[in-house]
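Examination of the molecular architecture
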Amino acid sequence: ANSLDSSLLIKTDSYYRDDLLIKLLSIFFYDIYDRLISIRDKKIIQTINSLINKEKLAIFYNYDFRDKISSKQIRYVKNFNFIILEGIFAHRLNLNYKDTINIICNQNKEVCLKRRIARDQLERGRNLKEVTQKFNKSWYLYFKNLKTFEEQNKVISLKSDDNALYEKIINKLEMHNK
């Protein structure tokens, strides 16, 4: 077992907004869900802060992509070593990234597209054309914003098949946690 086994995962995708404003904007902006306005960024930060403050109960969100509705879950939280924030918006929140370990997955575009097609068709009910269009837009926006983030913060760049670097990161996290 390693330090990541007792980590909490927060997916930015789980915090998409489902209010009237975002539904209205989605009519006029095809790519609205690839933009920061589409998520409950303050709610993610509240969840993270409640975890950092070691509160026993934390509010998490879950977004249903087929029905486009969000649900709130109150979970009992016990011992954890790390909070892992995952998703295309993870580097765009109002957080102090100087106090975090910033790992960016730098996989090639074709591998990411293949994974996205499988996920979006199965979990989100999208067709191939829609998945490809949304992917290309989110790929562009992600890397456009990532460049600034990398210039301002320490970042570890990792490919998902780079097992040697992955093991180094795990070892470093375990040493950090002792």
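The structure under discussion appears in the preceding block.
Residues numbered from 1 in each chain as written. Predicted model: local features only at pLDDT ≥ 70, side-chain atom pairs only at ≥ 80, totals over all residues. Heavy atoms only, no water.

On to the pattern of salt bridges. All chains considered together, the criterion is met by nine salt bridges. As a salt-bridge pair, Arg119 and Asp13 come within 3.6 Å of each other at their nearest N and O atoms. With a gap of 106 residues between them, Arg119 in helix H3 (residues 109–123) and Asp13 in the loop between strand S1 (8–11) and helix H1 (20–28) connect regions that are remote in the sequence. The pair Arg119 / Asp13 is uniform in exposure class, with both members buried. Across the pair Asp18 and Arg40 runs a salt bridge whose closest N-O atoms are separated by 2.8 Å. Note that Asp18 is positioned in the loop between S1 and H1 and Arg40 in the loop between H1 and helix H2 (41–52), a separation of 22 residues in sequence. Within the structure, one salt-bridge network assembled from shared partners comprises Asp13, Arg116, Arg119, Asp120, Arg124 and Arg126. (Salt bridge = Lys/Arg side-chain N within 4 Å of Asp/Glu carboxyl O. Helix = DSSP H or I, 4+ residues; strand = E, 2+ residues; numbered from the N terminus. Buried < 20%, exposed > 50% of the residue type's maximum accessible area, 1.4 Å probe, protein only.)

Here the focus is the side chain of Asp34. One can find Asp34 in the loop between H1 and H2. Buried within the structure, Asp34 lacks any salt-bridge partner; Arg116 is the closest side chain of opposite charge, at an N-O distance of 4.3 Å. In this view, Asp34 contacts Ile88, Phe89, Arg116, Lys134, Lys137, Ser138 and Leu141; residues no more than four positions away in its chain are not counted. (Lys, Arg positive; Asp, Glu negative; His and termini not counted. Contact = heavy atoms within 4.5 Å.)

Grouped together as the largest cluster of nonpolar side chains are 25 residues, with contacts concentrated most on Ile10, Tyr16, Ile44, Leu51 and Phe60. Elements represented by at least two residues in this core include exactly S1, H1, H2, strand S2 (57–64) and helix H4 (128–152). With four residues, the single largest contributor to this core is S2. Not counting the four nearest positions on each side in its chain, Ile10 is found in contact with Tyr15, Ile44, Thr47, Ile48, Leu51, Phe60, Ile83, Ile84, Leu85 and Glu86. (Core = buried A, V, L, I, M, F, W, Y, C linked by side-chain atoms within 4.5 Å.)

Here we take up H4. Because the α-helix completes a turn every 3.6 residues, residues three or four places apart line up on one side. Between the first and last C-alpha of H4 there are 36 Å, a value that for 25 residues agrees with the 36 Å anticipated at 1.5 Å per step. At Leu146, H4 shows its maximal kink, close to 25°. Turning to H4, its buried residues are Val131, Lys134, Phe135, Ser138, Trp139, Leu141, Tyr142, Leu146 and Phe149. Close packing links the buried residues of H4 with strand S5 (103–105) and H3. (Expected span 1.5 Å × (residues − 1). Bend = angle between axes of the 7 residues up to and from the residue.)

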